[in-house]
Amino acid sequence: METAGLHELSAVLAIARRGTFRAAAIDMGMSTTALSHMIGRLESQLGLRLFNRTTRSVSLTDAGRLFVEEVGPALQDIHGALQVVRSQRDEPSGTIRINAAPFAARQIISPLITGFVRRYPAVHVDLVTEARLVDIVADGFDLGVRVAALVPSDMIAVPLGRLQRYAIVASPGYVERMGKPQTPSDLFNHNCIRVRLPDGSLFRWRFEKNGEAVQTDVPGNLTLDETSVACAAAIDGIGIGCFMEEGVAEELKAGRLVRLMEDWTPPFGGLCLYYPGRRNLSAAMKAFLGTAREFAKSQDG
């Protein structure tokens, strides 16, 4: 029987991570057809199926889940060893995979990432955005970007400077009809736009004033699972929404939304890059972290 190579093993992990052959093929830089044929050959070599495939979905078989659990950590170690060897080169090179929340990606893409790829053209930065908090090691990422409170305790964190803040907002029309809430308890007399998180739970709005911290499961007749759609609903006057300040800055400036309860939403810990401390850092990673620290200083200034 032929032995599977690193490319085939990486392909299995990419499909498991991304959930579709199409998305995994994009990550792998190949066509969906070529990826499907590659997996088919691997399954033939193994004598079992790794994926259940229909026209609409892809899922791991029991054998596939066991395969991913066993191969994933080993493949990470192999890639880590290759990166260490490459780090001996004078010029940083290779690939850095970063997982970031969508709003975080918007904040760091310029000038941090664009500045880095201009400075180090031999390094390929692969930035993946998703709202759910992933295990960056298990999912094959080198770095994560999240607010400080969400960084796992076993990771090394590099603060990126700027503090974050929530914004409670509504359309001018809604405020004219329903008035302005002054305290978190006032929200129970309003219609709030609720957001469902990737893990299925509802996002609880967070408030703080004079040392008093409150988390509220707000009432409302509309629940959505996409922040941009929730923002559109707020602009349409459906109700009050809670968003990251950065994400609604343009709408506030244009007057499409107005801010509410600003005294209950103080700044909190900003974005951090984070990565596992047990890995040897490649030259590319060292260069990126150095660039990130420069970026953080510019944000503080």
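Attention in this report is confined to the structure presented alongside it. (Residues numbered from 1 in each chain as written. Predicted model: local features only at pLDDT ≥ 70, side-chain atom pairs only at ≥ 80, totals over all residues. Heavy atoms only, no water.)

With respect to the pairing of strand β9 (residues 205-209)
- In the sheet, β9 pairs with strand β10 (residues 212-216) via five bridges, with the strands oriented antiparallel. The residue bridging R206 from the neighbouring strand is Q215, located in β10.
- Linking two consecutive strands that pair antiparallel, namely β9 and β10, is a turn of two residues; a positive phi of about 50° is found at N210 within it. (Pairing = 2+ DSSP bridges. Helix = DSSP H or I, 4+ residues; strand = E, 2+ residues; numbered from the N terminus.)

Concerning the pattern of salt bridges
- Within the structure shown, the criterion is met by eleven salt bridges.
- In this structure, R17 engages D27 in a salt bridge whose closest nitrogen and oxygen atoms are separated by 3.7 Å. Linking R17 in helix α1 (residues 6-18) with D27 in helix α2 (residues 21-28), this pair joins segments that are ten residues apart in sequence.
- By sharing partners, the salt bridges in this structure join R17, R18, D27, R97 and D126 into a single network. (Salt bridge = Lys/Arg side-chain N within 4 Å of Asp/Glu carboxyl O.)

Topic: the sheet that holds strand β7 (residues 166-170)
- The three strands are arranged β12-β7-β13 in an open sheet whose pairing can be described as antiparallel. Each edge of the open sheet is held by one strand with a lone partner, namely β12 (241-244) and β13 (258-260). Within this sheet the neighbouring strands show an average axis-to-axis angle of 50°, counted without direction.
- Note: β7 against β13, three bridges, orientation antiparallel. (Axes fitted to C-alpha atoms, helices over the stretch in contact; angles between N-to-C directions.)

Looking at the packing of aromatic side chains
- Taken as a whole and judged by the stated rule, the model has five aromatic pairs.
- Both rings, one in F21 and one in F51, keep their centres 5.9 Å apart while their planes meet at 70°; by these two values the pair is edge-to-face. Of this pair, F21 sits in helix α2 while F51 sits in strand β1 (residues 51-53), and the two are 30 residues apart along the sequence.
- Look at F51 and you get buried, because its relative accessible area is 1%.
- Ring pairs connect the aromatic residues F116, Y120 and F288, which therefore count as one cluster.
- The cationic tip of R17 hangs over the ring face of F141; the distance from NZ or CZ to the ring centre is 5.8 Å.
- Positioned above the aromatic ring of F141 is the side chain of R97, whose terminal nitrogen or guanidinium carbon lies 4.3 Å from the ring centre. (Phe/Tyr/Trp six-rings, centres within 6.5 Å; stacked < 30°, edge-to-face > 60°. Buried < 20%, exposed > 50% of the residue type's maximum accessible area, 1.4 Å probe, protein only. Lys NZ or Arg CZ within 6 Å of the ring centre and 35° of its normal.)

Side note on the sheet that holds strand β4 (residues 123-129)
- The five strands are arranged β4-β3-β5-β14-β6 in an open sheet whose pairing can be described as mixed. On the outer flanks of this sheet lie β4 and β6 (155-159), each paired with one strand and no other. On average, each strand axis in the sheet is inclined to that of its neighbour by 25°, with strand direction left out of account.
- Pairing of strand β3 (residues 94-100) with β4 involves seven bridges; the strand directions are parallel. Directly across from T95, in β4, lies its bridge partner H124.

Re the environment of F207
- Mapping F207 onto the fold places it in strand β9.
- Separated by 56 residues in sequence, F207 and D263 place their C-alpha atoms 9.1 Å apart.

Remarks on α2
- Listed as buried for α2 are F21, A23, A24, A25 and M28.
- Next to the buried residues of α2 lie α1, α3 (32-46), β1 and β2 (58-60).
- After α2 finishes, the residue G29 shows a positive phi value of roughly 70°. (Contact = heavy atoms within 4.5 Å.)

A look at the nonpolar core
- I96, L143, L160, W205, I240, L273 and F288 are the most contacted members of the largest nonpolar core, which has 58 residues in total.
- Sequence-distant contacts of F288, that is, excluding residues within four places in its chain, are made with I96, I98, L112, I113, F116, L143 and L273. (Core = buried A, V, L, I, M, F, W, Y, C linked by side-chain atoms within 4.5 Å.)

A look at the packing of α1 against α3
- Where α1 contacts α3, the axes come no closer than 10 Å and their chain directions differ by 110°. Our classification of the angle between α1 and α3 gives roughly perpendicular. In this structure, α1 crosses over α3, and the sense of that crossing is left-handed. Residues H7, E8, A11, V12 and I15 of α1 pack against L35, M38, I39 and L42 of α3.
- Residues belonging to the contact of α1 with α3 are distributed by class as follows: seven nonpolar, one polar and one charged. (Parallel < 35°, antiparallel > 145°, perpendicular 65-115°, else oblique. Left-handed = near helix turned anticlockwise from the far one by under 90°. Nonpolar A, V, L, I, M, F, W, Y, C, P; charged D, E, K, R; others polar.)

Section: the state of the cysteines
- Enumeration according to the criterion identifies zero disulfides in this entry.
- Not engaged in a disulfide, the cysteine C231 finds its nearest cysteine sulfur in C242; these two sulfurs lie 12 Å apart.
- With no disulfide partner, C242 has as its closest neighbouring cysteine sulfur the one in C192, 9.4 Å distant. (Disulfide = S-S within 2.5 Å.)

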